[in-house]
Amino acid sequence: MKVSTSQLLGFFLLFFYHCEACSHYKFVVKEVPYTRLCSTKNILTVNGQFPGPTIYVQKGDIIFVDVYNRGSYNVTIHWHGVRQLRNPWSDGPEYITQCPIQPGEKFRQKIIFTTEEGTLWWHAHSQWSRATVHGAIVIYPKMGTSYPFSEPDAEIPIILGQWWKQDIVTLYEAFLVYGGVANHSDAYTINGQPGDLFACSKQETFKLKVERGLTYLLRIVNSCLVDSIFFSIANHNLTVVGSDASYLKPFERSFIAIAPGQTIDVLLEANQSPNHYYMAASVYTVSVKGLFDNTTTTAIVEYSGNYTPSWPPAFPFLPVYNDSRAYDNFAAAFRSLADKEHPIDVPVEISTHLFYTLSINSPCKNNSCPGNLETLLASVNNISFVTPTIDILQAYYYGIPGVFETDFPSFPSLFYDFTAPDLPTDLEFSKVGTKAKILDYNSTVELVFQGTNLLDGSDHPIHLHGFSFYVVGMGLGNFDKDKDPSTYNLVDPPLQNTVHVPINGWVIIRFRADNPGVWNMHCHFDEHSTWGMDTVFIVKNGKSPETKLLPPPPDMPPC
């Protein structure tokens, strides 16, 4: 008997709303041994699972997650893409909105869902623990509403990740000491498995079992620490229908391109001859030094039925690792539905104009770094963020002086040819500080992200906490304030929480600052974030009680 998604959803919701305990989750963060690539190591997990448990909610729900730290290190948990309206206390970034949960301690986080619908994810937001501490969030439509596409026959989270044979804490600590590029991963993973192209991996390879004639909704998450990914399934096209918990006008592609932090929902039609087909993912990178993981992770799509499968299975097309045109063209295809059931609200009259440069920097003038250290920094508007020892939200709420400054610049101190092939070395050096940008409540913001070519440049997946934003424009080279605004899409721009800023290019976002509190914005390449490509927005309270920051919960972790 075929059971429809709506029937399963109805059963889930009936159970959910008649059981108070179902709105509470228990996350026990602990170290357990896992074997991959023929070797075993202890990894940090939630409830012993890698990837961690999937959270299922309905649009507009409120849930509580009790996080118990039974590991050996401090930890925080972030609910990536959840607005957390007026509630940054449970947002999660370490020393931005909370001090970490110390070993042996517990913190109850209140997760407030509002307009999000689709796929998001949760992950650790302390050091590099999110390499193994992460999981999907599935947000179903409200009761009485439905998907804006034909109902799928089944839904499957697909989490793309990275695996290091090396201990992640050791990797992170070495990175802090040497300051350069971290050792690349030994494998990418699909739902925690590297796939049968690797030794000792064939039996555990993830298998997606399908039935010819049915349609499957794949909820794809890129949880990688440092890499964007190309993803494809042999002999099958994918219909993109959503990203970052917002629906898109459907479009069909043979592959997708997904940055760390992003989620993409696709429909897979099982319309091929019964057989086995590889699902595969590999890196997209603009690295000019060749320091990246060039492996390919695989899973297998297995059709039901009586047949002898081909071996090896058909392998999909994946663009070459540095095909920036393929990556950028895919991202440029995103368009919101912008219809009666899914209206958009793009700010038209802008009250706050911001221009942020994104750069890789050097702290060492005249080759002054000791020894052979390849020390690097990264910056926003030439300021490399310094993490405080008291979280900024607490300092802001209680008026604790000396923790942060409020003079983050709206524009770079110097405008130059940001993407020129040869830039003066004097431009490579950034300042350091813990600075925040203050925004008035309900102000309308246009923010230009401008990549620079300092130290060969890079692309940057930028994530903004507390908001989703409209991506109204993107391009290569230097943003031209006189010409480029004529190309803005104000009709159906995609609503995102993470956006890929192309190497030596620019992206324009717009949002309304209607969520009071302290909100982190950073590059989702953890190397870049650790180097200092972080900053903070503080949105002031509105005038009415419902537009003011909520008070802190009683069990906030101490600093």
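Values in this document were obtained by computation on a predicted structure and should not be read as measured data. Residue numbers restart at each chain and count upward from 1, following the sequence in its written direction. This being a predicted model, a pLDDT of at least 70 is required before a residue's local features are given, and a value of 80 or more before pairs of side-chain atoms are given or counted; all residues contribute to the totals for chains, interfaces and linings. Heavy atoms from the whole structure form the basis of all side-chain values; hydrogens and water molecules are not counted.

S.K.: Explanation requested: the overall build of the chain in the structure shown.
M.R.: The secondary structure listing takes helices from DSSP runs of H or I that are at least 4 residues long and strands from runs of E that are at least 2 residues long, numbered from the N terminus. The number of helices and strands found in the chain is five helices and 32 strands. By principal-axis analysis of the C-alpha atoms, the chain measures approximately 65 × 55 × 55 Å. Exposure is judged per residue with a 1.4 Å probe applied to protein chains only, and the accessible area is read against the type maximum: over 50% gives exposed, under 20% gives buried, and values in between give partly exposed. A burial count over the chain gives 61% of its 559 residues as buried. Contacts in the chain between residues at least 24 apart in sequence constitute 80% of all its contacts with a sequence separation of at least 6. Note that accessible areas follow from Shrake-Rupley with a 1.4 Å probe, and for residues the cover is restricted to the protein chains shown. In the structure as shown, the chain presents an accessible area of about 22400 Å², 52% of it carried by carbon and sulfur atoms. Residue contacts are counted whenever heavy atoms from the two residues lie within 4.5 Å of one another.

S.K.: What is the right way to look at the packing of aromatic side chains in this model?
M.R.: Only Phe, Tyr and Trp rings are paired, with Trp represented by its six-membered ring, and only when their centres lie within 6.5 Å; those with planes under 30 degrees apart are stacked, over 60 edge-to-face, the remainder tilted. For the structure on display, the rule yields 34 aromatic pairs. On the basis of an interplanar angle of 65° and a centroid distance of 5.5 Å, the ring pair of Trp128 and Tyr172 is categorised as edge-to-face. One end of the pair, Trp128, is in the loop between strand 7 (118–124) and strand 8 (134–140); the other, Tyr172, is in helix 2 (residues 168–178), with 44 residues separating them in the sequence. Assigned by exposure class, Trp128 and Tyr172 land together as buried. Three or more aromatic residues link up through ring pairs in this structure, and these residues are Phe355, Phe415, Tyr416, Phe418, Phe479 and Trp506. Here the basic side chain of Arg36 rests over the ring of Trp163, its NZ or CZ set 5.8 Å away from the ring centre. Lysine NZ or arginine CZ positioned within 6 Å of the ring centre and within 35 degrees of the ring normal marks a charge as sitting over the ring. When the ring centre of Trp311 is taken as reference, the NZ or CZ atom of Lys202 above it lies at 4.6 Å.

S.K.: Honestly, the state of the cysteines in this entry has me stumped. Any pointers?
M.R.: By definition, a disulfide links two cysteine residues through a covalent bond between their sulfur atoms. Disulfides are defined as pairs of cysteine sulfur atoms found within 2.5 Å of each other. All told, the structure shown has two disulfides when counted by the stated rule. Between the sulfur atoms of Cys99 and its disulfide partner Cys559 the distance amounts to 1.8 Å. Measuring the twist about the S-S bond at about 80°, one finds the Cys99-Cys559 disulfide to be right-handed. Of the two residues, Cys99 is situated in the loop between strand 5 (77–80) and strand 6 (106–112) and Cys559 in the segment after strand 32 (534–539); the sequence distance between them amounts to 460 residues. Cysteine Cys224 is unpaired, with the sulfur of Cys523 as its nearest cysteine sulfur at 13 Å.

S.K.: For this particular structure, what's the right way to read helix 2?
M.R.: An α-helical turn contains 3.6 residues, so a residue and the one three or four places further along point in the same direction. Along helix 2, the positions that sit buried rather than exposed are Ile168, Val169, Leu171, Tyr172 and Phe175. The buried residues of helix 2 occupy an angular sector of 160° when the element is viewed end-on, so they sit on one face. Residues of helix 2 that are exposed and angled more than 90 degrees away from the buried face: Val177 and Tyr178. At its buried positions, helix 2 is contacted by strand 2 (39–46) and helix 5 (526–531). Directions drawn from the helix axis to the C-beta atoms are what define this arc.

S.K.: How should the sheet that holds strand 5 be read in this particular structure?
M.R.: We treat two strands as partners when DSSP finds at least two bridges between them. The strand order 3-8-7-5 describes an open sheet built from four strands, whose pairing is mixed. Bordering the open sheet on either side are strand 3 (55–58) and strand 5, each of which pairs with just one other strand. Strand-to-strand, the axes of this sheet are offset by a mean angle of 25°, without reference to chain direction. Where strand 3 lies against strand 8, four bridges are found, and the strand directions are parallel. Its bridge partner being in strand 8, Val57 is matched across the sheet by Ile139. To get an axis, a line is fitted to the C-alpha atoms, and for a helix only the part in contact is used. The angle between two axes follows their N-to-C directions and goes from 0 to 180 degrees.

S.K.: In this structure, what is going on with the pairing of strand 27 (residues 469–476)? I would like to understand it.
M.R.: Successive side chains on a regular strand alternate, one facing one side of the sheet and the next facing the other. Counting buried positions along strand 27 yields six of eight residues, so the element is predominantly enclosed. Two strands pair when backbone bridges link them, and strand 27 and strand 28 (residues 495–496) are joined in this way by two bridges, in the antiparallel orientation. By the bridge assignment for strand 28, Phe469 is matched with Gln496. As paired strands, strand 27 and strand 30 (residues 505–513) are joined by six bridges and run antiparallel to one another. Bridge pairing in strand 30 links Gly475 to Trp506.

S.K.: Which parts of the structure should I look at to understand the sheet that holds strand 26 (residues 460–464)?
M.R.: In spatial order, the strands read 24-32-31-26-29; together these five strands make up an open sheet with mixed pairing. Strands at the two margins of the open sheet, each flanked by one partner only, are strand 24 (436–439) and strand 29 (498–501). Taken over all neighbouring pairs, the strand axes of this sheet differ in orientation by 20° on average, direction set aside. Examined bridge by bridge, strand 24 and strand 32 share four bridges and lie parallel to one another. Residue pairing for strand 32: Ile438 is matched across the bridge by Ile538.

S.K.: For this particular structure, what's the right way to read the nonpolar core?
M.R.: Nonpolar side chains in soluble globular proteins tend to end up buried together. To form a nonpolar core, buried Ala, Val, Leu, Ile, Met, Phe, Trp, Tyr and Cys residues must be joined to one another through side-chain atoms within 4.5 Å. By size, the foremost hydrophobic cluster in this structure holds 49 residues, and its most contacted members are Ile158, Leu218, Phe231 and Ile256. If one sorts the elements of this core by residue count, strand 18 (residues 276–284) sits on top with six residues. Contacts of Ile158, omitting those with residues within four sequence positions, involve Ile190, Asn191, Phe206, Leu218, Arg219, Ile220, Val221, Phe231 and Met279.

S.K.: Any chance you could explain unusual backbone geometry here in plain terms?
M.R.: Peptide bonds are, in most cases, trans, and in most cases residues other than glycine have a negative phi. The amide bond that connects Phe50 to the next residue, Pro51, takes the cis arrangement and shows omega of -10°. Despite not being glycine, Tyr95 shows a phi value in the positive range, around 65°. With respect to the helices and strands, Tyr95 occurs in the loop between strand 5 and strand 6.

S.K.: Help me understand the side chain of Asn504, please; the structure alone is not making it clear to me.
M.R.: As for its position among the elements, Asn504 is in the loop between strand 29 and strand 30. Not counting residues within four places of it along the chain, the set of residues in contact with Asn504 comprises Thr419, Gly451, Thr452, Asn453, Ser458, Leu476 and Gly477.

S.K.: Mind showing me how you'd approach the side chain of Ser129 here?
M.R.: Summarising the element assignment, Ser129 is placed in the loop between strand 7 and strand 8. Judged by its relative accessible area of 13%, Ser129 is buried. Setting aside its immediate chain neighbours within four residues, Ser129 contacts Leu44 and Ala124.

S.K.: Teacher, can you tell me more about the pattern of salt bridges here?
M.R.: When the charged atoms of two side chains lie near each other, side chains of opposite charge can form a pair. Here, a salt bridge means any side-chain nitrogen of Lys or Arg that lies within 4 Å of a carboxyl oxygen of Asp or Glu. In total, this model carries 14 salt bridges according to the counting rule given. Between Arg335 and Asp492 there is a salt bridge whose closest N-O contact spans 3.8 Å. Placement of Arg335 in the loop between helix 3 (324–332) and strand 20 (352–361) and of Asp492 in the loop between strand 27 and strand 28 is noted, with a sequence separation of 157 residues between them. Salt-bridge contacts for Asp440 lead to Lys540; the nearest nitrogen and oxygen are separated by 2.8 Å. Pair noted here: Asp440 is in the loop between strand 24 and strand 25 (443–451) and Lys540 is in the segment after strand 32, with a separation of 100 residues, a long-range link. Among the residues examined, Asp440 registers a relative accessible area of 44% and is labelled partly exposed. We classify Lys540 as partly exposed; its relative accessible area is 37%. Linked by salt bridges that have partners in common, Glu155, Arg219 and Asp265 make up one network.

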